[in-house]
Amino acid sequence: MAFQVPPLPYDYGALAPTVDEETMKLHHDKHHQAYVDKLNGALGDNGLDGKSIEDILGSISSLPPIVRNNGGGHWNHSFFWEIMGPNGGEPSGALKSAIESAFGSIDDMKEKFNTAGANQFGSGWAWLVAKPGGELEIASTPNQDNPLMDDAKVKGTPVLGNDVWEHAYYLTYNNRRPDYLKAWWNVVNWSKASEIYEGVAK
Ligand code: MN
């Protein structure tokens, strides 16, 4: 039961100009594929055949770095493709209310999220995380770590996550990570984020 890269739910060029077509091709077909191949190669040796990725991440503290890095890489990218889309929009419903109650406004949340992404030294991710019960928190993680890992500082269900590795933005934005973080909100799939949030907060 090997893991697989899920198909991109839109065209490679669908997020342009915010995320260019070449970046999407390399990121989905090469980077994500490499995480999956290395993860699959490490399953047998670690007694993980047939386990779900969520189960693996939930006991990551007792597994070796190859599983952490590539298991995190597989989950993070599978999530990333889903919470982006060409239609943008704004949050609504329960997620909008929860953001306003936690951060004051949508713009304040975006600013806090962008700061977390900009201040993550080196490679990593910025997250909007829902705690059990629905309380929201902003976090960042190094490398391919994420809030589902049993040893994460901020644990919960990711509602949004942005990849701040240079491979996610360098072709268009070069070294300007803050510009990428600001532009990325144009391609957030808010209906998917709301669906995830409502699943946690129900
Ligand atoms: Mn990436």
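Not measured: the values here are computed from a predicted model.

Before we move on, can you summarise the pairing of strand β2 (residues 136–142) with the specific residues and values?
In this structure, strand β1 (residues 124–130) lies alongside β2, joined through seven bridges in antiparallel fashion. Considered in β2, the bridge of leucine 128 is made with isoleucine 138. Following β1, the chain reverses through five residues before pairing antiparallel with β2; glycine 133 in that reversal takes a positive phi of roughly 105°.

Describe the side chain of arginine 68, and please don't skip the residues or the numbers.
Residue placement: arginine 68 occurs in helix α3 (residues 65–82). Setting aside its immediate chain neighbours within four residues, arginine 68 contacts Ile60, Ser61, Gly73, Gln144, Asp145, Met149 and Asp151.

Hey, could you go over the domain arrangement of the chain for me, with residue numbers and the actual values?
Taken domain by domain, the chain comprises domain 1 (21–82) and domain 2 (93–201). Here the C-alpha centroids of domain 1 and domain 2 sit 19 Å apart. Approximately 1,800 Å² of surface area, both sides summed, lies buried where domain 1 meets domain 2, with 58% of it carried by carbon and sulfur atoms. It is Asn76, Phe79 and Phe80 that lose the most area in domain 1 upon contact with domain 2, and together they represent 29% of the buried surface on that side. Along the contact surface separating domain 1 from domain 2 lie two salt bridges. As a salt-bridge pair, aspartate 151 and arginine 68 come within 2.4 Å of each other at their nearest N and O atoms.

Please provide a residue-by-residue account of the coordination of the manganese ion, values included.
Coordination sphere of the manganese ion, protein contribution only: His27 (NE2), His77 (NE2), Asp163 (OD) and His167 (NE2), at 2.0 to 2.1 Å. Sequence spacing among the residues donating to the manganese ion works out to H-x49-H-x85-D-x3-H. Pair noted here: histidine 27 is in helix α1 (residues 21–43) and histidine 167 is in the loop between β3 (157–163) and α6 (170–173), with a separation of 140 residues, a long-range link. Histidine 27 sits in the buried class, given a relative accessible area of 1%. Taking relative accessible area as the criterion, histidine 167 reaches 19% and is therefore assigned buried.

Which residues make up unusual backbone geometry, and what values go with them?
Of the consecutive residues alanine 16 and proline 17, the connecting peptide bond is found in the cis state with omega at 5°. Relative to the helices and strands, proline 17 resides in the segment before α1. Despite not being glycine, asparagine 143 has its phi angle at roughly 55°, a positive value. Considering the arrangement of structural elements, one finds asparagine 143 in the loop between β2 and β3. Positive phi, close to 50°, is recorded for asparagine 174, a residue that is not glycine. Here asparagine 174 is to be found in the loop between α6 and α7 (177–184). Owing to a relative accessible area of 32%, asparagine 174 belongs among the partly exposed residues under this scheme.

What counts, and at which threshold
- Residues numbered from 1 in each chain as written.
- Predicted model: local features only at pLDDT ≥ 70, side-chain atom pairs only at ≥ 80, totals over all residues.
- Heavy atoms only, no water.
- Pairing = 2+ DSSP bridges.
- Helix = DSSP H or I, 4+ residues; strand = E, 2+ residues; numbered from the N terminus.
- Contact = heavy atoms within 4.5 Å.
- Domains from an automatic or database assignment.
- Buried area = accessible area lost by both parts, 1.4 Å probe.
- Salt bridge = Lys/Arg side-chain N within 4 Å of Asp/Glu carboxyl O.
- Donors = N, O, S within 2.8 Å, 3.2 Å for Na, K, Ca; no water.
- Buried < 20%, exposed > 50% of the residue type's maximum accessible area, 1.4 Å probe, protein only.

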